[in-house]
Structure formats: C-alpha cells, structure tokens
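Chain by chain, the residues run as shown.
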Amino acid sequence: MIFHNQKDANKFIEEIKEMAIKLRDLGCRSVGLMGGEPTIRTDIVEIVEFCSKNKIYTQLSTNGAFLIHPQRTVNGKTLLRQLLDAGLGTINISIDSVTDGFIDSEKKLPHVSETLKALIEEKEKNELTLMLNCVITKNNIKQIPQMLEFCHTKKIMMAAVFVQNPKPLEDYHKNPHLKDLLFDENDKEEVIKTANYLIEKKKKGYRLFEPIAYYEMVKKWVQNDINWECDGG
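Report follows, based on the coordinates. Bear in mind that the values here come from a model prediction, so they are computed numbers and not experimental data.

Another aspect to go through is the side chain of Thr137. You can see Thr137 is positioned in the loop between β4 (129-136) and α5 (144-154). For Thr137, a relative accessible area of 8% translates into the label buried.

Taken as a whole, this structure holds three aromatic pairs when the rule is applied. When the centroid spacing of 6.1 Å and the interplanar angle of 55° are considered together, the rings of Phe162 and Phe183 count as tilted. On the criterion of sequence distance, the pair formed by Phe162 in strand β5 (residues 157-162) and Phe183 in the loop between α7 (176-179) and α8 (188-203) is long-range, its members being 21 residues apart. Phe183 carries the same exposure label as Phe162, and that label is buried.

Right, let's get into the nonpolar core. Counting residues in each nonpolar core, the largest one holds 56 residues, and the members touching the most others are Leu83, Leu119, Met158, Phe162, Leu198 and Tyr215. Broken down by element, the residue count for this core peaks at six residues, all from α8. If we ignore the near neighbours within four places in the chain, the residues touching Leu119 are Leu67, Leu80, Ile91, Ile93, Leu128 and Leu130.

Let's shift gears to the environment of Ile44. Its place among the elements puts Ile44 in helix α2 (residues 44-53). On the basis of relative accessibility, which here comes to 2%, the residue Ile44 falls in the buried class. Distance in space between the C-alpha atoms of Ile44 and Leu33 is 8.8 Å, their sequence separation being eleven residues. Leaving out residues up to four positions away in the same chain, Ile44 has contacts with Leu33, Pro38, Leu60, Arg72, Leu79 and Leu83.

Let us look at the packing of α5 against α8. Helix packing for two helices is described by the angle between their axes and how far apart those axes are. Interhelical geometry of α5 versus α8 gives an angle of 20° and a closest axis separation of 11 Å. With respect to α8, the element α5 is oriented roughly parallel. The handedness of the crossing between α5 and α8 is right-handed. Each of Ile144, Pro145, Leu148 and Glu149 in α5 lies in contact with α8, whose residues at this interface are Thr194, Tyr197, Leu198 and Lys201. Considered class by class, the residues forming the contact of α5 with α8 number five nonpolar, one polar and two charged.

Criteria and cut-off values
Residues numbered from 1 in each chain as written. Predicted model: local features only at pLDDT ≥ 70, side-chain atom pairs only at ≥ 80, totals over all residues. Heavy atoms only, no water. Helix = DSSP H or I, 4+ residues; strand = E, 2+ residues; numbered from the N terminus. Buried < 20%, exposed > 50% of the residue type's maximum accessible area, 1.4 Å probe, protein only. Phe/Tyr/Trp six-rings, centres within 6.5 Å; stacked < 30°, edge-to-face > 60°. Core = buried A, V, L, I, M, F, W, Y, C linked by side-chain atoms within 4.5 Å. Contact = heavy atoms within 4.5 Å. Axes fitted to C-alpha atoms, helices over the stretch in contact; angles between N-to-C directions. Parallel < 35°, antiparallel > 145°, perpendicular 65-115°, else oblique. Left-handed = near helix turned anticlockwise from the far one by under 90°. Nonpolar A, V, L, I, M, F, W, Y, C, P; charged D, E, K, R; others polar.

This is a description of form; function is not addressed.
See below:
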C-alpha cells in the first residue's frame, strides 16, 4: 500500500483498527490478513499486534518472500520474528510446486526453502500454526501427491483447492496464461483421480484442510452434475 503522505497512512491504519474492534464486538475472534501480498505493508506488524492485544486471532496468507528477508529486519529481528512477537497465530504459505522447472511460478518450494525451514522451526517450538496453501491447476495437478507427502512428512496442514473455471470459459481462454491453468474436458479424468486421491488420504488422517464433501463436489462439478457458479473457488 503506497500513501502520498504519513497523514493518509495514519488515517488508513486507524480505519483498520476501528474495523477490527467492530468485528470483535460482533463476535468475530479470528481475522485473515490476505492480499495480494500483505507483508508488503510496512504496518503489518502493528496490525497484528493491535489485533492480538484486543483478543483477535490473526492468520497471515503470504508467499513468504519478506518473512526472513534482510530488507525487513529491524533491530536484528526478521519480519517473521516481529510478527510472532506481535502475536501472530497462523501463517498460510502459498506454494504451487515442489520442484524447479515444472511450472512458471515464483511460488515454488525451492524459492522459499529457507523461509519454510524457519517456519517449521517455529512451528516445532509451538510458536506458530503453519499451513501450506496450494491451488490445483492444469499444470501442477500431477505434483499434488508429492506436495501432500511433503506436508505429511513435516506434519504441516495443507489446503488444496482446485482452480475454479470462470464462466464463460471462452472469454478467459483467450488469455494464454489462464488457458494453461484452467481445466477443460481433457482434464476430467485427472481431476477426478486427484480428488479421489485426496479423499483417500484425508480418510487416512493426512492433514488436509478441506472437508471430504468439497472434493466430492469437485467430482460432481467436473462431470457437470452440479452448476458451480462461484468464481471464488
């Protein structure tokens, strides 16, 4: 977030604090800090600290780029350490692939391996709840078993949701980048196979965030048994 002057910045953070208190008074006890990329904000630590002091649990969704970056270190503390000291409860780190050279994305495990190592260390000290977020697309669907096994080995929760094809498809498929992400008729068997795999692993106790009902609905959606209008997933 870029402001033309400090007055505008101060006004905006006060609005966030006011909103947090209103949510708390309505019974909300947990808020998700999302983006874009929320760690771009220079006041992210202040937001977390304010919520924590007002008994609001905070979850941060991030690509991890700034968590241990020297640029965001203050008095020898990484941004990750600052956020934990401020009371952050959960970090959801987004990863699209576990290997390099598989898909064209900055959100690959090799790019955040040091960050993830730091996060796992904090998790093992019981200072942090950690979850890996993955959006399942046409070009990373075959890596989902490998990603889930990685999370299972490290005892990390994994959120795995299928990319939702917007409608009408024809309009979006004009964009070659989206065409490589969205599923089409040729992917039906692979989607069903992956959904069944995730259901099986969920039943075996793997740490999958989504309920089995979600994956059952994905299978119905891809077989045109239900009309899934929501572009949000």
